[in-house]
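# Structural characterization, general
What follows is each chain in one-letter form.
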Amino acid sequence: MKNSPQDSGRFRSKLLPVQHGFGLTFSERDLVDPLWLICHQVHSTEVLVCDSTHSNSLKADGLILSTKGSIAIQTADCLPVLFSTRDGRAVAAVHAGWRGALDGILPNAVQKLKGLGIPPEELLVAIGPCLRQCCFEISNALVSDFETKWGGLWKNTEKPYSSKQPVSTRTSHQAKPLQENIWMNLAEVAQLQLRDCGVREIDELAICTYCHTDKNNEKLPSHRRATHEKNIPAGRLWSFISK
């Protein structure tokens, strides 16, 4: 690696013990490691185990690294989810949009790791910048789909969606209600799914791709914001993890 862990990525999790980063642009990626293993993301539940012979054109939305190196996924509102064992011997990276979350890509990743001899209780998981509840408006039909497949996870706790839009810390950049006015906390759905699989330690970076701005008032790439502003394409953010 060209950079130290402290220099890699705009955002990092204090939980993960290995080199990683969230929120790199395409140009920043090459400063860290231009040889990341990636996949052709298609909003699926496919999680591949990869090594140095891996083809970056393979269709999947999650990678588990079996050799030394780095893996990465790209997002522009979806959840970037990074996994590591406490000793760093196993790492994974998963792209989870609402389709992937609905279809169970995160439980699938945990099961794949379990099949490789990594019990869920040994996993440390970090969820990076994503479209958060303050800006993620969804339809009644999608709420119904999540309730049908995953509603049991929040039967005895607060639901991960609300008819009242949460107030963002950056209200001037927050998404405006358009249609259904139901606001989804997809990161919380992910946490509930992971904990149901036996994962105990999860770090969630409370950074919204839609309304976050840095000290220079620069925004993160957001497909939804770009759609609202009629400014497509939105750009992408890379999240990576190494071993």
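Ranked by internal contacts, the top residues of the largest apolar core, which has 46 residues, are Leu 79, Phe 83, Leu 106 and Phe 146. Elements represented by at least two residues in this core include exactly strand E5 (79–85), strand E6 (91–96), helix H2 (98–103), helix H3 (105–115), strand E7 (123–127), helix H4 (140–150), strand E10 (182–184) and helix H5 (186–196). Phe 22, Leu 37, Cys 50 and Val 91 belong to the second-largest nonpolar core, a separate cluster that totals 23 residues.

Attention shifts here to the state of the cysteines. Here a disulfide denotes a covalent bond joining the sulfur atom of one cysteine to the sulfur atom of another. Evaluation of the coordinates by the stated rule reveals 0 disulfides. Left without a disulfide partner, Cys 130 is nearest to the cysteine sulfur of Cys 208, which lies 7.2 Å away. By relative accessible area, Cys 130 is classed as buried at 1%.

Attention now goes to the confidence of the model for the protein chain. Caution applies to low-pLDDT regions: their predicted coordinates should not be interpreted in detail. With 92% of its residues at a pLDDT of at least 70, the protein chain reaches an overall mean of 90. Considering only residues more than four positions removed or in separate chains, one finds that residues 1–8, a stretch of pLDDT under 50, has 22 contacts.

This part is about the layout of surface pockets. As a volume, the largest pocket reaches approximately 710 Å³. What lines the largest pocket is a set of 28 residues, among which Asp 77, Trp 98, Arg 99, His 223 and Arg 224 lie closest to the centre. No other element matches helix H6 (residues 223–228), which puts 4 residues into the lining of the largest pocket. Among the residues forming the lining of the largest pocket, the class breakdown is 10 nonpolar, 12 polar and 6 charged. Approximately 190 Å³ is the volume found for the second largest pocket. Residue lining of the second largest pocket: 14 residues in total, with Arg 132, Cys 134, Ser 168, Ala 206 and Cys 208 positioned closest to the centre. Grouping the amino acids of the lining of the second largest pocket by side-chain chemistry returns 7 nonpolar, 5 polar and 2 charged.

This brings us to unusual backbone geometry. One can expect most non-glycine residues to show negative phi and most peptide bonds to be in trans. Positive phi outside glycine occurs at Asp 77, with the angle close to 150°. Asp 77 sits in the buried class, given a relative accessible area of 11%. The phi dihedral of Lys 230 is positive, around 55°, even though this residue is not glycine. Within the element layout of this structure, Lys 230 appears in the loop between H6 and strand E12 (237–242). Here Lys 230 falls in the exposed class, since its relative accessible area comes to 76%.

A few words now on H3. Among the residues of H3, Ile 105, Leu 106, Pro 107, Ala 109, Val 110 and Leu 113 are the ones counted as buried. Following H3 by one or two positions, Gly 117 has its phi on the positive side, about 90°.

So, on to the sheet that holds E6. One open sheet accounts for 6 strands, arranged E2-E3-E6-E5-E7-E11; its pairing is mixed. Among the strands making up the open sheet, the edge pair consists of strand E2 (47–50) and strand E11 (201–204). Neighbour to neighbour, the strand axes of the sheet diverge by 15° on average, direction disregarded. Relative to E11, E7 runs parallel, the two sharing 4 bridges. By the bridge assignment for E11, Ala 126 is matched with Asp 203. Sheet contacts for H3: E2, strand E3 (62–65), E5, E6 and E7; angle to E6, the most-contacted strand, approximately 165°.

Burial along E3 is two-sided: Gly 62 and Ile 64 facing one way and Leu 63 and Leu 65 facing the other are all buried. Note that E2 and E3 share 4 bridges and pair parallel. Its bridge partner lying in E3, Val 49 is registered against Ile 64. Where E3 meets E6, 4 bridges bridge the pair, whose relative direction is antiparallel. If you follow Leu 65 over to E6, its bridge partner there is Val 91.

Let us look at H4. Along H4, the residues classified as buried are Leu 142, Val 143, Phe 146 and Trp 150. Taken end-on, H4 shows its buried residues confined to a sector of 105°, consistent with a single buried face. Away from its buried face, by an angle of more than 90 degrees, H4 presents the exposed residues Ala 141 and Thr 148. Where H4 is buried, its residues touch H2, H3, strand E8 (137–138), strand E9 (161–162), E10 and H5.

Thresholds applied
- Residues numbered from 1 in each chain as written.
- Predicted model: local features only at pLDDT ≥ 70, side-chain atom pairs only at ≥ 80, totals over all residues.
- Heavy atoms only, no water.
- Core = buried A, V, L, I, M, F, W, Y, C linked by side-chain atoms within 4.5 Å.
- Buried < 20%, exposed > 50% of the residue type's maximum accessible area, 1.4 Å probe, protein only.
- Helix = DSSP H or I, 4+ residues; strand = E, 2+ residues; numbered from the N terminus.
- Disulfide = S-S within 2.5 Å.
- pLDDT = per-residue confidence, 0-100.
- Contact = heavy atoms within 4.5 Å.
- 1 Å grid on protein atoms, 1.4 Å probe; cavity = no way out; pocket = protein on both sides within 12 Å on 5 of 7 lines; lining within 4 Å.
- Points joined across faces, edges and corners; volume = space filled by probe spheres on them.
- Nonpolar A, V, L, I, M, F, W, Y, C, P; charged D, E, K, R; others polar.
- Pairing = 2+ DSSP bridges.
- Axes fitted to C-alpha atoms, helices over the stretch in contact; angles between N-to-C directions.
- Arc of directions from axis to C-beta.

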